[in-house]
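Structural features, examined
Chain by chain, the residues:
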Amino acid sequence: MRIVNTSVRKKDAMALVTGQPVYTDDIAPKNCLIVKVLRSPHAHAIIKEIKTSDAKNLYGVECVLTYNDVPQKRFTMAGQTYPEFSPYDRYILEDRVRFVGDAVAVVAAKDEKTAEKALKLIKVEYEVLKPVLDFRTAKDNQTIVHPEEDWKALVEVGGDRKRNLCASGVETNGDLDSIMSNCDVIVSETYHTKAVQQSMMETFRTFTYYDTYGRLNIVSSTQVPFHVRRILSNALDIPKSQIRVLKPRIGGGFGAKQTVVSEVYPAIVTMLTKKPAKIVYTREESLIASSPRHEMEVKVRIGADCSGKIKAIEINTLSNTGAFGEHGPTTVGLSGHKSIPLYTANCEAFRFSYDVVYTNHMSAGAYRGYGATQGQFALESAVNQLASRLNIDPVKIREMNMVRQGMIMPAYYNEPNNSCTLDKCLETAKKNIGWDEKYPCRDMGNGKVRSVGIAMSMQGSGISNVDKGSVTIKLNDDGFYSMNIGATDMGTGCDTVLAQMVAETMECDLDNVVVYGVDTDTSPYDTGSYASSTTYITGTAAVHASNELKQRILDVASTKLNVPESDLVFDGKVIRSIDNKKEITLKDIANEDMCGNNAVLEVTSSNFSPVSPPPFMVGAVEIEVDKETGHVEVINYEAVVDCGTTINPNLARVQTEGGIVQGIGMALFEDIIYDNKGNLFGTSFMQYKIPSRLDMGKVNVSFESSYEPTGPFGAKSIGEVVINTPAPAIAHAVYNATGVWHRELPITPEKVIRGMIDLEN
Amino acid sequence: MISIEEYKIVESLEEAYKLNQSRSNQIIGGMCWVKMQNKSVHTAIDMSNLGLDTIEEFDDCFKIGAMTTLRALETNERIMEFFGNGISESLCHIVGVQFRNCATVGASVFMRFPFSDVVTALLALDAQVQLHQKGIVSLEDFAKMPFDRDILTHIILKKQNIKMKYLSLRNSYTDFPVLAVAVSQTENGVQACVGARPQRAELVKDQGNILANGITKETAKEFAEFAANALSFGTNPRGSAEYRKHLCKVLVCRGLLALNGDDENEN
Amino acid sequence: MRIKMNLNGKPLESDASADMVLLDFLREHECYSVKRGCETSNCGLCTVLVDDKPILSCSYPLARANGKSVTTLEGLQDEAKEFGGFMADEGAEQCGFCSPGFIMNVLAMVNEFENPTDSEILNFLSGNMCRCTGYEGQLRAIKKYLAFKGAEK
């Protein structure tokens with residue numbers, strides 16, 4: 001391969017590093033109204049009265065909107081494709097507020113200062129209601145978060161709003177109870193992970209305007225342009241044909257922008273005023289009213305025989321979807337579907353059950369890992385505990401039980417594991433970290449102990465039978481290709497990765513492929529960039545489109561040269577007959593195509609996949625614990641990944657490093673603390689600390705690439721799997737240093753000390 | 001966000017002082033903290049033109065101008081030669097270089113933030129503050145004084161035979177400290193200053209002469225225990241009172257041993 | 001309030017409100033490389049140079065920049081391309097939103113240190129947040145850039 005599997009620069013790299021104005025706020029018209037949202041100070045309340053006249057009378061205020069001014073039609077902000085699993089449970093504005101930060105009113109003014117002033121002039125009288133703040137008490141609580149009659153689930157997912165249930169379900173395979181009861185050892189534990197924040201550097205932001213044709217144009221930092229179109233059509237109650245969505249460069253997403261967090265506000269302002277409008281979320285808004293990870297409590301039971309063979313796994317997950325159900329019914333599934341299959345080898349039975357509950361916290365959403373992170377923290381920790389109980393090396397217990405290539409995975413929709421080097425990943429991680437020398441720990445003196453920990457992970461590559469990606473490739477004069485995609489590059493580099501696949505297939509230079517996306521009017525449909533789908537799902541579409549276009553070029557050449565197609569060879573620049581007697585350049589074909597013919601040298605291909613091949617990885621960590629202060633220092637993180645063929649090894653490496661460091665933050669200090677009124681403590685980067693470059697030690701990435709037969713050039717996904725191992729690996733290492741299992745994240749120094757004190761007593 | 005009606009770069013301290021007598025006016029240090037306040041200010045008073053951004057060395061002291069940035073203090077070689085790397089250590093965790101190029105020592109000291117690293121360090125160095133009206137006051141006294149409309153112009157570090165070690169525990173590297181500790185050996189004996197309890201930093205002196213016969217592992221532990229019992233601790237999301245008390249014992253003990261040159265125990 | 005400064009090598013005079021911070025002024029004057037990632041001086045995205053020192057333009061009172069020389073990435077395009085090329089070669093710009101502030105501080109660091117150690121690099125840049133890269137790629141880029149600049153000398 002010439003271009004695939006090489007580390008070319010991202011196509012947008014030089015624009016980004018030279019600071020070109022390519023992001024939403026950089027390109028917004030200067031005359032945009034500035035939109036601000038008045039937010040609820042209460043976790044649960046009814047708006048008895050809302051007086052907006054003072055605000056409206058302020059010079060420079062264009063409009064002040066309340067629940068009286070918005071369509072009374074419920075919708076979901078979850079950017080998911082048909083059939084939508086998240087319930088339709090919100091209005092743009094409502095007379096009921098369901099979390100601290102929920103939208104109460106929308107103001108649009110000529111500038112930010114005026115808008116801020118107007119917010120202060122709105123007088124709201126609330127009837128404060130009792131909130132549900134502890135998700136463990138949400139089900140069948142007297143307080144009902146969604147008492148409204150027009151709450152609607154499009155897909156039956158076991159929800160019951162009267163019980164605060166967004167979704168619930170149970171799946172069983174084999175006779176779990178009898179197999180469990182015959183096991184020699186059972187580990188049964190409960191794990192708690194919190195609603196950590198994606199914290200992409202660019203907060204949510206959108207601007208909107210009407211175009212020449214009277215259509216509402218939405219320019220937004222989003223991962224899901226086509227879903228934005230549908231959701232706004234639902235929210236504004238206008239036809240989809242009246243909406244066009246454009247995605248400029250995105251300053252990071254990690255799933256946060258798979259929810260339509262900011263779009264509705266400027267959109268309704270523009271719809272009602274006909275004027276361009278813009279909203280830029282503050283960091284505070286991005287932390288209090290957004291789309292973080294679902295808080296989950298995962299109960300795990302593992303049954304094994306005394307040799308360490310894992311025979312039975314039971315997982316019960318309680319997920320907190322917050323005030324609204326965005327991604328609630330779907331994230332929870334991954335806590336079981338992407339953890340249990342890791343231990344397919346000897347597993348004879350499993351049960352996976354779950355409840356997803358409404359509470360008066362902000363709505364959760366999609367965050368890299370999407371439930372798998374939470375489930376794997378639980379299961380991987382429990383497996384480490386099992387190893388410890390049986391006095392078996394935790395690497396060995398995995399070698400005995402892990403899923404291997406060729407196995408059918410009953411807990412993963414019975415998919416076959418067609419490409420998997422998890423065994424090699426484990427071997428390499430073990431070697432790279434120096435497991436045999438370092439496990440479990442070494443005393444460094446001065447109260448400091450160095451220890452190691454390990455965890456495995458899997459994710460998916462797109463959503464099987466659901467996600468659809470499309471690519472249009474067109475041959476232009478002089479023979480360059482333009483590729484139009486509906487997938488959204490959010491910094492991950494998919495524009496480049498897809499172009500690499502096209503250039504590889506068309507046998508041309510990467511510079512000969514230009515990329516454009518996304519404009520819902522012209523881009524081919526794509527479900528969007530989430531669920532680790534783009535490289536695998538859209539990538540396959542790119543290969544199909546390229547092959548088809550190549551075929552059409554050969555058709556044209558065949559006619560022009562009067563040589564049967566089977567006797568022609570295309571080397572990327574020239575089409576030659578096998579006997580070398582006749583030839584025509586691609587340039588000539590392209591230029592002659594501009595006149596006097598009916599050929600269409602443009603191809604759109606779409607792709608979905610009946611399977612979602614899991615990427616795998618192993619993370620091994622070495623930490624140093626200060627047993628007197630509880631401080632945990634990450635020394636070294638060895639990440640070994642099987643994402644199939646790495647289309648762009650540099651970008652795959654950086655994805656991995658970024659995911660690991662996010663995972664380290666979640667494991668050690670990114671904390672979500674609410675007070676008893678439902679106020680969040682971490683409302684800024686001063687209080688919600690994400691890792692700096694001093695907090696991460698050294699991250700070392702290796703690849704053990706399998707070859708996925710259904711993927712483009714053998715590729716699987718990379719984006720999400722990389723965030724999952726740090727929490728269980730670090731928790732394991734802390735146990736190996738201190739003898740204490742931490743089952744709640746983050747593992748702060750205080751918790752480490754408390755654990756040690758409790759252990760002594 | 002703060003809103004400001006007028007921005008005045010003053011020509012003299014007297015002018016600053018006069019303006020500062022109005023409650024609706026406010027002195028602007030580095031603006032890093034001030035801008036986060038949700039209030040309206042009539043006149044913002046900027047003293048950046050008064051030559052207060054330098055560290056002057058005299059025979060008997062260093063005078064640190066109130067507008068000296070945290071970064072300038074952190075990297076001042078003469079200060080480091082004289083007082084060791086304790087001051088630097090107290091500053092280097094604060095957000096980042098760019099922040100420390102903005103934030104001023106004067107504002108940090110004047111505000112007496114309970115989480116302040118630099119106040120903790122300066123207290124252990126027996127620093128004094130020079131106030132426009134009240135003159136020179138020990139930082140220890142100043143730390144206990146209520147806020148008023150006087151102006152802090154300098155921080156004075158007397159040249160004395162002094163050693164200081166600074167230790168802190170943070171949940172992440174650039175976060176506020178869960179606890180900040182500075183221990184020093186001065187001509188008047190050993191003292192420990194403990195900040196971020198999360199109340200304002202306070203000094204504990206060796207009144208019981210626990211360390212009179214020198215710092216050993218035993219006496220260090222005893223003094224740390226004494227200090228932890230002498231101080232009060234509180235709970236906030238970064239840590240509980242109980243944990244802070246525990247940390248106080250660990251860090252004071254380590255600091256003392258570090259003073260003794262037993263550097264391997266330094267945090 | 002009347003402001004005079006030298007912006008990216010050119011004199012500039014303009015009116016502005018008294019409570020404006022440098023960041024908003026710079027974006028108003030088409031220095032779009034300057035980004036805001038937080039309101040609490042924690043992210044480093046807004047880093048620019050005032051009289052060659054890296055500062056947080058989100059916190060820097062515009063009035064204080066009066067008479068000073070302000071440099072943004074728009075004024076350092078050659079340097080941005082040169083160092084940025086090393087970032088691009090690592091894939092370490094990713095979403096790129098933090099890149100301008102980061103590069104400004106890297107260039108400031110290079111002015112301050114001849115041959116910074118890894119630890120000096122990490123400490124100097126600890127106030128530059130990045131959520132995409134996990135920082136390792138940035139460090140690789142810096143080290144390769146320093147080696148390249150060292151060899152040039």
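Sequence order sets the numbering: in each chain, residues are counted from 1 along the sequence as written. In the order they appear in the text, chains get letters beginning with A and ligands get numbers beginning with 1. Selection of residues for local features in this predicted model requires a pLDDT of at least 70, selection of side-chain atom pairs for listing and counting requires 80 or more, and totals for whole chains, interfaces and linings are taken over all residues. The side-chain quantities take in all heavy atoms of the structure and omit both hydrogens and water.

**So, the overall build of chain A**
- Helix and strand counts for chain A come out as 19 helices and 29 strands.
- The proportion of buried residues among the 761 residues of chain A is 68%.
- Should any heavy atoms of two residues lie within 4.5 Å, those residues are considered in contact. Counting only contacts in chain A whose residues sit at least 6 apart along the sequence, the fraction spanning at least 24 positions is 80%.
- Accessible surface, chain A as shown: approximately 24700 Å² in total, 48% of it carbon and sulfur.
- The positive charge centre, built from 80 side chains, and the negative charge centre, built from 93, are 3 Å apart in chain A. Helical segments are the DSSP runs of H or I of at least four residues, strand segments are the runs of E of at least two, and each set is numbered from the N terminus. Type-normalised accessible area, obtained with a 1.4 Å probe on protein chains alone, sets the label of each residue: buried when under 20%, exposed when over 50%, and partly exposed for intermediate values. What sets the accessible areas is the Shrake-Rupley method with a 1.4 Å probe; for residues, cover comes only from the shown protein chains. None of His or the chain ends enter the tally, which takes Lys and Arg as positive and Asp and Glu as negative. We put the charge of a Lys on NZ, of an Arg on CZ, of an Asp on CG and of a Glu on CD.

**A closer look at the interface of chain B and chain C**
- Contacts between chain B and chain C engage 26 residues on the former and 28 residues on the latter.
- Two parts lose some accessible area (1.4 Å probe) when they are put together, and adding that loss for both gives the buried area. Surface buried jointly by chain B and chain C totals about 2100 Å² across both partners, of which 56% is contributed by carbon and sulfur atoms.
- Among the residues chain B hides against chain C, the three largest losses belong to Tyr7, Lys35 and Gln98 of chain B. Together they make up 29% of the total.
- For this document, the term salt bridge refers to a Lys or Arg side-chain nitrogen within 4 Å of an Asp or Glu carboxyl oxygen. Taken together, the connections running from chain B to chain C amount to two salt bridges.
- Among the ionic pairs, Asp46 of chain B bridges to Arg64 of chain C, the shortest N-O distance being 2.8 Å.
- Between N or O atoms, a polar contact is any pair within 3.5 Å; within protein, one atom must be a potential hydrogen donor and the other a potential acceptor, and residues adjacent in sequence are included only when both atoms are from side chains. Remark: the boundary between chain B and chain C carries 10 residue pairs in polar contact (both at pLDDT 80 or more).
- Sorting the residues of the side of chain B that touches chain C by element identifies strand E1 (3–9) and helix H5 (97–100) of chain B as the ones contributing at least two each.

**Regarding the domain arrangement of chain A**
All names here are of chain A.
- For every domain, the bounds stem from an assignment made automatically or drawn from a database. Taken domain by domain, chain A holds domain 1 (13–129 + 198–288) and domain 2 (468–515 + 525–608).
- Relative placement of domain 1 and domain 2: their C-alpha centres are 38 Å apart.
- The interface of domain 1 with domain 2 comprises 16 residues on the first partner and 12 residues on the second.
- Summing the contributions of domain 1 and of domain 2, the shared interface buries around 1000 Å²; its carbon and sulfur component is 54%.
- Broken down residue by residue, the surface that domain 1 buries against domain 2 is led by Gln223, Phe226 and Arg249, which jointly contribute 44%.

**A closer look at the packing of aromatic side chains**
- Stacked, edge-to-face and tilted labels apply to pairs of Phe, Tyr and Trp rings (six-membered ring for Trp) whose centres lie within 6.5 Å, assigned for plane angles under 30 degrees, over 60, and everything in between, in that order. Overall, the coordinates contain 26 aromatic pairs over all chains when judged by the stated rule.
- Measuring from centroid to centroid gives 5.6 Å for Trp33 of chain B and Phe99 of chain B, while their planes differ by 70°, and the two rings are edge-to-face. With Trp33 of chain B in the loop between strand E2 (26–28) and strand E3 (40–46) and Phe99 of chain B in helix H5, the pair connects residues that are 66 residues apart, well separated along the chain.
- Judged by its relative accessible area of 21%, Trp33 of chain B is partly exposed.
- Among the residues examined, Phe99 of chain B registers a relative accessible area of 2% and is labelled buried.
- Grouped by ring-pair contacts, the aromatic residues Trp33, Phe99, Phe113, Phe115 and Phe176 of chain B constitute a single cluster.
- Over the face of the ring belonging to Tyr91 of chain A we find Arg74 of chain A, whose NZ or CZ atom lies 3.8 Å from the ring centre. Whether a charge sits over a ring depends on NZ of Lys or CZ of Arg being within 6 Å of the ring centre and within 35 degrees of the ring normal.

**Observations regarding the domain arrangement of chain C**
All names here are of chain C.
- Assigned domains of chain C: these are domain 1 (2–72) and domain 2 (75–152).
- For domain 1 and domain 2, the distance between their C-alpha centroids amounts to 21 Å.
- Across the contact, 14 residues belong to domain 1 and 13 residues belong to domain 2.
- Around 1100 Å² of area is buried between domain 1 and domain 2 when both sides are counted, 67% of it from carbon and sulfur atoms.
- Run the count over domain 1 and domain 2 and you get zero salt bridges.

**Quick word on the side chain of Glu136 of chain C**
- Checked against the element boundaries, Glu136 of chain C lands in helix H5 (residues 136–152).
- Under the relative-accessibility criterion, Glu136 of chain C is labelled buried at 4%.
- Reaching out from Glu136 of chain C, the side chain makes a polar contact with the backbone nitrogen of Val699 of chain A at a distance of 2.6 Å.
- Not counting chain neighbours up to four residues away, the residues in contact with Glu136 of chain C comprise Glu657, Met696, Gly697, Lys698 and Val699 of chain A.

**Remarks on empty space enclosed by the protein**
Residues and elements named next belong to chain A.
- Think of a 1 Å grid over just the protein atoms. A cavity is a set of points where a 1.4 Å probe fits yet cannot get out, a pocket is an open set with protein on both sides within 12 Å along at least five of seven lines, and lining residues have an atom within 4 Å of a point. Grid points are joined across faces, edges and corners, and a volume is the space filled by probe spheres set on the points. Scanning the entire structure with this criterion turns up eight cavities of 30 Å³ or more.
- Estimated volume of the largest cavity: approximately 600 Å³.
- As for the largest cavity, its lining consists of 39 residues, of which Thr492, Ser532, Gln655, Ile718 and Gly719 are closest to the centre.
- Of all the secondary-structure elements, those providing two or more residues to the lining of the largest cavity are helix H14 (494–506), helix H15 (534–561) and helix H17 (649–668).
- Here the lining of the largest cavity takes three residues from H17, the largest share from any one element.

**Here's the deal with the sheet that holds strand E21 (residues 481–485) of chain A**
Residue and element names in this part refer to chain A.
- Paired strands, as defined in this entry, are two strands with at least two bridges between them according to DSSP. Strand order in this open sheet of four strands is E22-E21-E20-E26, and the pairing throughout is mixed. Edge positions in the open sheet fall to strand E22 (513–516) and strand E26 (602–608), since each of these has one partner strand only. Neighbour-to-neighbour, the strand axes of this sheet turn through a mean angle of 20°, independent of strand direction.
- Axis definition: a line fitted to C-alpha atoms, over the contacting stretch in the case of helices. Angles run 0 to 180 degrees between N-to-C directions. Taken strand by strand, H14 contacts strand E20 (468–475), E21 and E22, and its axis lies near 140° from that of E21.

**Some thoughts on the environment of Ile673 of chain A**
- By the secondary structure assignment, Ile673 of chain A is in the loop between H17 and strand E29 (698–703).
- The spacing of Ile673 of chain A and Gln500 of chain A is 173 residues in sequence and 44 Å in space, taken between C-alpha atoms.

**What about the sheet that holds strand E8 (residues 185–193) of chain A?**
Residue and element names in this part refer to chain A.
- Pairing is mixed in the open sheet, where five strands are placed in the order E7-E15-E14-E13-E8. The sheet is open, and its two borders are formed by strand E7 (165–173) and E8, each paired with just one other strand. On average, adjacent strands in this sheet sit at an angle of 5° to one another, irrespective of strand direction.
- In the sheet, strand E14 (residues 310–322) pairs with strand E15 (residues 349–358) via 10 bridges, with the strands oriented parallel. Bridged to Ile315 within E15 is Phe352.

**Considerations on helix H10 (residues 241–259) of chain B**
- A helix's residues, less one, multiplied by 1.5 Å, set its expected span. The terminal C-alpha atoms of H10 of chain B lie 26 Å apart, and with 19 residues this matches the ideal 27 Å at 1.5 Å per residue to within 8%.
- Trailing H10 of chain B by a residue or two, Gly261 of chain B shows a phi angle of about 90°, which is positive.

**Observations regarding the side chain of Asn171 of chain B**
Residues and elements named next belong to chain B.
- Considering the arrangement of structural elements, one finds Asn171 in the loop between strand E9 (163–170) and strand E10 (177–186).
- You can call Asn171 buried: its relative accessible area is 15%.
- There is a polar contact of 3.3 Å between the side chain of Asn171 and the backbone oxygen of Arg238.

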